[in-house]
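Reading the structure
Residues per chain are reported as follows:
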Amino acid sequence: MSDAKALIELEHITKRFKSLTAVNGVNLAVHPGEKLVIIGPSGSGKSTLLRSINFLEEIDDGVIRFEGNEVGYVRRHGKLHLDRQQVVCQLRAEIGMVFQHFHLFPHMTVLGNVMEGPLTVQRKSADEAREIALAMLAKVGLTDKKDVYPATLSGGQKQRVAIARAIAMRPKLMLFDEPTSALDPELVGEVFDTIHALADEGMTMIIVTHHMGFARELADRVIFMEGGNFLAEGTPQEFFAEGMNNERIRSFLNRIL
Amino acid sequence: MSLKPNTLGRVATALLFLWITVATALAAEADYDALFREANDLMGAGDLPAAVEVLKKVPAPKAGEEGDAFVRSRMQIAKLHFAAKEMDEALAATREVLALYPDNSEAKNFLASVEREQKPRYVSFLQDCLKFLPVLLKGAVMTLLLVVCTMLISPLGGLLVALGRISTFKPLSILCWFIIWLFRGTPLLLQLFFIYYGLPSLGITLKPITAAVIGLGLNYSAYLGEIIRGAIQSIDHGQTEAAKALGMTYGQTMRRVVIPQTYKRLMPPIGNEFIALIKDTALVSTIAMVELMRAADQMFNTYFNVTALVLAAVIYLIFTTFFTFLFERIEHRAGIYERR
């Protein structure tokens, strides 16, 4: 069932927290350039699934393939164990992640935040890292803020810096975990536009969100998740048309919209 | 001869009485034993003039004779008068001794104390300062050296202990827990004694300064270890996740992201510990180190003069004040990124 062309492929991913099964054996393949949006109610397992992809959550069962290779875990006595730190770090360096609460490094300037990945992880020279960081800041439109500390920024600006920090690593895949959920409504637009611009450049991305704009305007494919399972999957047109026939999806959409 | 015992005089007399009793018991001289005993009884009864009269019966030694009893009797008389603030009589008794024994150090020191009493207070205070300061400053330099050494060692030791404690590798975590338990759970004084006096029996002999630095370093590493661990664990877990998501290793995450954010939070409790450290260095005077406390103690015991202690207190206060301001400045700078 391996899909040779997939950038990332998940097979039977299962994650339990004590008695709760957060992700219940899901399968998913994302192709290069694809924009996947996962929606669903709180506690449906969508964030856990996203975090499993870059090993921030250790899965209990399943296989993760990156560019066709099985990665991240070794199996001992029938149980999965996270691979050596070096291996996991190398994988994470190829997958960018943006968090709901930004998690910028408060003790570094905006430029320092964006330089940090190339400098520390990729061990580029300071000049090279600065050049990359400035290009990324230009991309998210925050060149003028390069020398300030994150504490002085608005939520929308912080999230744009967080995006710049992630793409400075030139990742092959970007994960967005509810990137606009912590923002005041008037600041959602600037972050949405930044992600949209990134999508237009052909970046492969998986977005977990409650913001239907992503699903409608940006997604190639929408997945509705509930109780750790995929309940529905399709193009935005299919999803919004057919979703209305599904009781659960309709009530979810009605609550959101 | 008029001895009018005031309250201070009575206290001083009681102390003298005790001292004389012990001294008499230890070095009884057969010849004048009875006289000293009679004088003691009179002092005990509070009749000082009578005691002085009895002591005066001890005659000056003839050529070739032992003079100890004579010296002792005259010095007792001098001290009794001194306690009653009768300086002329006190001086007279002291000079009797010096006339025969010009080099008697007890009489010489006593004469100096009496003369000091007779000078205006500020003059004698300034003279004392000039006399004590060189010795005290030498001690203060040693104290400062110990403080600075411990301040350099203990944050590093504390960081290692803290990282060990939060390590998922159980044996290391337990070892570090044990180190903290041991060094926080026993008195620093005992640790210093053990390192200096106890280790030689295991074949390890250390110089006092080495023992002092090791003792203070270990003790303060244990305390700082818990403070640093608390600060590391107080940093938002999201910071660690963001660092990991970038591809950082555990070491890079700690070094670049987590630990730098603890500096501001660490400064107030570490400042507290270091102020305590400045004063705790006084404990190393017990393991043959001459630092500020020991120097002050020596001056105090030689000259029986509180000025030495007051000066030492002032020097300690100067140290603590300086470091308090220094730590406040560092804290201020460490938190510069939090300002909006």
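Keep in mind the model is a prediction, meaning the values are calculated, not measured. (Residues numbered from 1 in each chain as written. Chains lettered and ligands numbered in written order. Predicted model: local features only at pLDDT ≥ 70, side-chain atom pairs only at ≥ 80, totals over all residues. Heavy atoms only, no water.)

A few words now on the overall build of chain A. Along chain A, the regular secondary structure elements total nine helices and twelve strands. Referenced to the eigenvectors of the C-alpha coordinate spread, the extents of chain A come out at roughly 50 × 45 × 35 Å. Every one of the 257 residues in chain A was classed for burial, and the buried ones make up 56%. Across chain A, every contact between residues at least 6 apart in sequence was considered, and the portion connecting residues at least 24 apart equals 65%. Entry remark: accessible area of chain A is about 11000 Å², with carbon and sulfur atoms responsible for 47%. Across chain A, 29 positive and 33 negative side-chain charges occur, with their mean positions spaced 5 Å apart. (Helix = DSSP H or I, 4+ residues; strand = E, 2+ residues; numbered from the N terminus. Buried < 20%, exposed > 50% of the residue type's maximum accessible area, 1.4 Å probe, protein only. Contact = heavy atoms within 4.5 Å. Areas by Shrake-Rupley, 256 points an atom, 1.4 Å probe, with all protein chains shown as cover. Lys, Arg positive; Asp, Glu negative; His and termini not counted. Charge placed at Lys NZ, Arg CZ, Asp CG, Glu CD.)

This brings us to the environment of Pro208(B). All names here are of chain B. Among the structural elements, Pro-208 can be located in helix 10 (residues 208–234). A residue is classified by how much of its surface remains accessible, and Pro-208, at 24% relative accessible area, is partly exposed. In this structure, the C-alpha to C-alpha distance between Pro-208 and Leu-192, residues 16 residues apart in sequence, is 9.5 Å. Setting aside chain neighbours within four positions, we find Pro-208 in contact with Tyr-196, Ile-287, Ala-288 and Met-289.

Attention now goes to the packing of helix 7 (residues 121–165) of chain B against helix 10 of chain B. Residue and element names in this part refer to chain B. Contact pair helix 7 / helix 10: the axes reach a minimum separation of 5 Å and the direction vectors enclose 45 degrees. In terms of orientation, helix 7 and helix 10 fall into the oblique class. Between helix 7 and helix 10 lies a crossing of right-handed hand. Its residues assigned to classes, the contact of helix 7 with helix 10 comprises 18 nonpolar, seven polar and three charged. (Axes fitted to C-alpha atoms, helices over the stretch in contact; angles between N-to-C directions. Parallel < 35°, antiparallel > 145°, perpendicular 65-115°, else oblique. Left-handed = near helix turned anticlockwise from the far one by under 90°. Nonpolar A, V, L, I, M, F, W, Y, C, P; charged D, E, K, R; others polar.)

All names here are of chain B. A grouping of Met-293, Val-306, Leu-309, Val-310, Val-314 and Ile-318 is seen on the molecular surface, where their side chains present a nonpolar patch of about 470 Å² in accessible area. Considering each element in turn, the nonpolar patch owes the most residues, four residues, to helix 14 (residues 307–334). Along the chain, the position of Ile-318 falls in helix 14. (Patch = residues over 30% accessible without salt bridge, like charges linked within 9 Å, V, L, I, M, F, W, Y side chains within 5 Å. Salt bridge = Lys/Arg side-chain N within 4 Å of Asp/Glu carboxyl O.)

Attention now moves to helix 2 (residues 33–45) of chain B. Residue and element names in this part refer to chain B. With 13 residues, helix 2 extends 18 Å between its outermost C-alpha atoms, agreeing within 8% with the 18 Å of an ideal straight helix rising 1.5 Å per residue. Along helix 2, the residues that are buried comprise Asp-33, Leu-35, Phe-36, Ala-39, Asn-40 and Met-43. The arc that holds the buried residues of helix 2, viewed along the axis, is 165 degrees, so those residues lie on one side. Along helix 2, the residues that are exposed and aim more than 90 degrees away from the buried face are Ala-34, Asp-41 and Ala-45. Looking one or two places after helix 2, you find Gly-46, whose phi comes out positive at around 90 degrees. (Expected span 1.5 Å × (residues − 1). Arc of directions from axis to C-beta.)

Okay, the interface of chain B and chain A next. In this complex, chain B contributes 23 residues to the contact, which on the side of chain A involves 27 residues. Buried surface at the junction of chain B and chain A, summed over both partners, amounts to about 2200 Å²; 61% is from carbon and sulfur atoms. For the interface between chain B and chain A, the tally reads two salt bridges. The salt bridge involving Glu116(A) is made with Arg256(B); its shortest N-O contact spans 2.7 Å. Run the count over chain B and chain A and you get eight residue pairs in polar contact (both at pLDDT 80 or more). Here the element with the most residues in the side of chain B that touches chain A is helix 11 (residues 237–246) of chain B; it accounts for eight residues. Looking at the side of chain B that touches chain A, its residues break down into ten nonpolar, six polar and seven charged. (Buried area = accessible area lost by both parts, 1.4 Å probe. Polar contact = N/O pair within 3.5 Å; in protein donor to acceptor, adjacent residues only side chain to side chain.)

Moving on to the sheet that holds strand 2 (residues 20–30) of chain A. All names here are of chain A. As summarised here, the arrangement of the four strands in space is 2-1-4-5, forming an open sheet in which the pairing is antiparallel. The sheet is open, and its two edges are formed by strand 2 and strand 5 (69–70), each paired on a single side. Pairing analysis gives two bridges linking strand 4 (residues 61–66) to strand 5, with the strands arranged antiparallel. Looking across to strand 5, one finds that Arg-65 is bridged to Glu-70. Strands in contact with helix 1 (residues 46–53) are strand 1 (8–17), strand 2 and strand 4; relative to strand 1, the strand with the most contacts, it is inclined by about 120 degrees. (Pairing = 2+ DSSP bridges.)

Here we take up the pattern of salt bridges. Where side chains of opposite charge bring their charged atoms close, a pairing between them can arise. All names here are of chain A. Tallying each qualifying case throughout the model produces 22 salt bridges over all chains. Linking Lys-46 and Glu-178 is a salt bridge whose minimum nitrogen-to-oxygen distance equals 3.9 Å. In this pair, Lys-46 is assigned in helix 1 and Glu-178 in the loop between strand 9 (173–177) and helix 6 (185–200), connecting sequence segments 132 residues apart. Taken individually, Lys-46 and Glu-178 each receive the classification buried, so the pair is uniform in this respect. Notably, a salt bridge pairs Glu-190 with Arg-160, separated by 2.3 Å at the nearest N-O pair. In this pair, Glu-190 sits in helix 6 while Arg-160 sits in helix 5 (residues 155–167), placing the two residues 30 residues apart along the sequence.

This paragraph deals with the nonpolar core. Among the nonpolar cores identified, the biggest contains 52 residues, and Leu136(B), Val284(B) and Ile287(B) are the most heavily contacted of them. Ignoring sequence-local partners within four residues, the contact set of Val284(B) consists of Leu146(B), Leu192(B), Ala212(B), Leu216(B), Met289(B) and Glu291(B). Of all hydrophobic cores here, the second largest spans 49 residues; its members include Met115(A), Ile132(A), Val140(A) and Met212(A). (Core = buried A, V, L, I, M, F, W, Y, C linked by side-chain atoms within 4.5 Å.)

Residues and elements named next belong to chain A. On strand 8 (residues 95–98), burial covers both faces: Ile-95 and Met-97 on one face and Gly-96 and Val-98 on the other are all buried. Examined bridge by bridge, strand 8 and strand 9 share four bridges and lie parallel to one another. For Gly-96, the partnering residue across the bridge sits in strand 9 and is Met-174.

Residues and elements named next belong to chain B. Per-residue confidence for chain B gives a mean pLDDT of 87; residues scoring 70 or more make up 92%. Of all the helices and strands in chain B, helix 1 (residues 7–26) carries the lowest mean pLDDT, 66, while helix 11 carries the highest, 96. On the interface metric, ipTM, the complex scores 0.93, and its pTM is 0.76. (pLDDT = per-residue confidence, 0-100.)

Residue and element names in this part refer to chain B. For helix 6 (residues 105–118), which comprises 14 residues, the first-to-last C-alpha distance of 20 Å matches the rise-based estimate of 20 Å (1.5 Å per residue) to within 8%. Buried residues of helix 6: Ala-107, Phe-110, Leu-111, Ser-113, Val-114 and Arg-116, and no others. Looking at the packing, one finds that the buried side of helix 6 touches helix 4 (68–83), helix 5 (87–100), helix 7 and helix 13 (292–303). With a side-chain oxygen lying 3.0 Å from the backbone nitrogen of Glu-106, the N-terminal cap of helix 6 falls on Asn-104.

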